[in-house]
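# Fold and geometry: a report
Listed below are the residues making up each chain.
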Amino acid sequence: MERTFLAIKPDGVQRGLVGNIISRLESKGFTLVGLKLMNVSRELAEQHYAVHKERPFFSGLIEFITSGPVVAMVWEGDGVVASARKIIGATNPLNAEPGTIRGDFGVDVGRNLIHGSDAIETAQNEINLWFKEEELASWEPSLMSWIRE
C-alpha cells in the first residue's frame with residue numbers, strides 16, 4: 001500500500017485548520033497511520049528542505065517551519081501521493097483551485113498551510129526522516145470494504 005508524508009505547517013496549526021485538513025483526507029478514504037504534534041528542530045528542518053539549500057528563500061523556510069508547532073502525518077492508500085497533492089492544491093494559494101486546501105484557506109505562498117510529498121520515493125524519504133517505524137500503525141479501517149473492491 002502506498003504511503004505519503006504530509007505536514008500541517010505552523011500557519012495551519014495556528015489558524016485551527018488541523019481538523020478540517022484531516023477530515024478531507026479521511027473523507028477521501030485514506031488511512032491515517034502516523035500522527036504527531038511537534039516543534040521542528042532546526043536540524044530536522046534543514047534536512048527536510050535540503051533540496052532548497054542554495055535557494056534564496058531557504059533561511060525563510062527554516063525560520064517559518066520552526067516558528068511553531070507542526071502536525072506531521074503519514075497517510076496510506078491507493079495513489080495517495082498524487083491524490084493528496086490534488087487535495088492540497090498548487091504551492092501558491094493564489095493559483096490553487098477552489099475546493100483544495102490551499103485554494104480554500106491559503107493566502108500567501110510563504111504561508112501555504114501544508115506540505116505534501118511530491119513523489120513515492122520522496123514520501124518514503126520524508127516518512128523515514130520524520131517518523132520511526134514504531135510510530136506508525138498498520139491497520140485497516142472496517143469501512144475499507146465500502147471503498148475498495
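Predicted model, so just to flag it, every value in this text is computed and none were measured.

In terms of helices and strands, the chain carries seven helices and four strands. In sequence order, the chain lays out its α and β elements as β-α-α-β-α-α-β-α-α-β-α. Each principal axis of the C-alpha distribution contributes one length, and for the chain these read about 50 × 35 × 25 Å. Within the chain, contacts between residues separated by at least 24 positions form 77% of all contacts whose residues are at least 6 apart in sequence. Counting every atom, the chain has about 8200 Å² of accessible surface; 51% of that belongs to carbon and sulfur. Side-chain charges in the chain split into 15 positive and 20 negative, and the spacing between the mean points of these groups amounts to 5 Å.

What follows is about the nonpolar core. If you look at the biggest cluster of nonpolar residues, it comprises 22 residues, and the most contacted ones within it are Leu25, Met73, Trp75 and Ile101. Breaking this core down by element, the ones donating at least two residues are β1 (3–8), α2 (18–28), β3 (70–76), α5 (80–88) and α6 (101–105). Per-element tally for this core: the top contributor is α5, with five residues. Setting aside residues no more than four positions away along its own chain, Met73 makes contact with Thr4, Phe5, Leu6, Ile8, Ile22, Leu32, Gly34, Leu35 and Phe131.

Mapped onto the fold, Ser83 is located in helix α5. Sequence-distant contacts of Ser83, defined by excluding residues within four places in its chain, comprise Lys28 and Phe30.

Attention shifts here to the sheet that holds β1. Spatially, β2-β3-β1-β4 is the arrangement adopted by the four strands of the open sheet, whose pairing is antiparallel. The open sheet has two edge strands, β2 (31–38) and β4 (114–116), and neither has a second partner. Pairwise comparison of adjacent strand axes, ignoring direction, gives a mean angle of 15 degrees for this sheet. Two strands pair when backbone bridges link them, and β1 and β4 are joined in this way by three bridges, in the antiparallel orientation.

Moving on, we come to the packing of aromatic side chains. Summed over all chains, the structure comprises one aromatic pair. We note Lys36 situated over the ring of Phe131; from NZ or CZ to the ring centre the distance is 4.6 Å.

Glancing now at α5. If you check which residues of α5 are buried, you get Val80, Val81, Ser83, Ala84, Ile87 and Ile88. All buried residues of α5 project into a common sector of 170 degrees when viewed along the axis, lining one side. Check the buried side of α5 and you find it contacts β1, α2, β3, α6, β4 and α7 (120–130). Phi turns positive, to about 95 degrees, at Gly89, one or two residues after α5.

We now examine the UniProt feature "domain: Nucleoside diphosphate kinase-like" (unreviewed entry) in the chain. In the numbering used here, UniProt assigns the feature "domain: Nucleoside diphosphate kinase-like" (unreviewed entry) to residues 1–138. Between the C-alpha atoms that bound residues 1–138 the distance is 11 Å, and the span itself is 41% helix and 17% strand.

As a further point, take the UniProt feature "binding site: ATP" (unreviewed entry) in the chain. If you check UniProt for "binding site: ATP" (unreviewed entry), the listed places come out as Lys9, Phe57, Arg85, Thr91, Arg102 and Asn112 in our numbering. Relative to the elements of secondary structure, Arg102 occurs in helix α6. Those residues in contact with Arg102 that lie beyond four places of it in its chain are Ile88, Gly89, Ala90, Thr91, Pro93, Ala96, Asn112, Ile114 and His115. Structurally, Asn112 is set in the loop between α6 and β4. Once residues within four sequence positions are removed from consideration, Asn112 is found in contact with Lys9, Asp11, Thr91, Pro93 and Arg102. Here Thr91 takes part through its backbone oxygen, which lies 3.1 Å from a polar atom of the side chain of Asn112.

Cut-offs and rules
Residues numbered from 1 in each chain as written. Predicted model: local features only at pLDDT ≥ 70, side-chain atom pairs only at ≥ 80, totals over all residues. Heavy atoms only, no water. Helix = DSSP H or I, 4+ residues; strand = E, 2+ residues; numbered from the N terminus. Contact = heavy atoms within 4.5 Å. Areas by Shrake-Rupley, 256 points an atom, 1.4 Å probe, with all protein chains shown as cover. Lys, Arg positive; Asp, Glu negative; His and termini not counted. Charge placed at Lys NZ, Arg CZ, Asp CG, Glu CD. Core = buried A, V, L, I, M, F, W, Y, C linked by side-chain atoms within 4.5 Å. Buried < 20%, exposed > 50% of the residue type's maximum accessible area, 1.4 Å probe, protein only. Pairing = 2+ DSSP bridges. Axes fitted to C-alpha atoms, helices over the stretch in contact; angles between N-to-C directions. Phe/Tyr/Trp six-rings, centres within 6.5 Å; stacked < 30°, edge-to-face > 60°. Lys NZ or Arg CZ within 6 Å of the ring centre and 35° of its normal. Arc of directions from axis to C-beta. UniProt positions renumbered as here; feature names shortened; annotations may be inferred. Polar contact = N/O pair within 3.5 Å; in protein donor to acceptor, adjacent residues only side chain to side chain.

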